[in-house]
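Now for the letters of each chain:
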Amino acid sequence: MSNICQITNKKSIVGNKRSHAMNATKCRFKINLHTHKFWIAKKNKFIKLKLSNKGMRLVNKHGIDKILKKLKKVKLYG
């Protein structure tokens, strides 16, 4: 699977690492992804999501039910 947060759609970016002499070396900056299982009380089952740290904070703030409802509107989650 690719390195994309399923809630925020954040993904890896490409940039340059700079040495002290300002030499540029291409580099890929990956996001802080975690796989986490959430309990859905309405469906009476667990779902597994790949989330960035920001996505985890959004779930803690708003709740998984509200987040999934929003994702269904955007058609990111089945």
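Just above sits the structure.
### Details of the packing of aromatic side chains
- Taken as a whole and judged by the stated rule, the model has one aromatic pair.
- Between W39 and F46 the ring centres are 5.0 Å apart and the planes differ by 65°, which places this aromatic pair in the edge-to-face class.
- Given the relative accessible area of 42%, W39 is considered partly exposed.
- The side chain of K37 reaches across the aromatic face of F46, ending 5.0 Å from its centre.

### Here's the deal with a positive patch on the surface
- Residues K42, K43, K45, K66, K69, K70, K72 and K73 make up a contiguous surface patch of positive charge.
- With five residues, the single largest contributor to the positive patch is helix α2 (residues 64–74).
- For K45, the location among the structural elements is in strand β4 (residues 45–52).

What counts and what doesn't
Residues numbered from 1 in each chain as written. Predicted model: local features only at pLDDT ≥ 70, side-chain atom pairs only at ≥ 80, totals over all residues. Heavy atoms only, no water. Phe/Tyr/Trp six-rings, centres within 6.5 Å; stacked < 30°, edge-to-face > 60°. Buried < 20%, exposed > 50% of the residue type's maximum accessible area, 1.4 Å probe, protein only. Lys NZ or Arg CZ within 6 Å of the ring centre and 35° of its normal. Patch = residues over 30% accessible without salt bridge, like charges linked within 9 Å, V, L, I, M, F, W, Y side chains within 5 Å. Areas by Shrake-Rupley, 256 points an atom, 1.4 Å probe, with all protein chains shown as cover. Salt bridge = Lys/Arg side-chain N within 4 Å of Asp/Glu carboxyl O. Lys, Arg positive; Asp, Glu negative; His and termini not counted. Charge placed at Lys NZ, Arg CZ, Asp CG, Glu CD. Helix = DSSP H or I, 4+ residues; strand = E, 2+ residues; numbered from the N terminus.

Function cannot be inferred from these measures alone, as they are strictly geometric.
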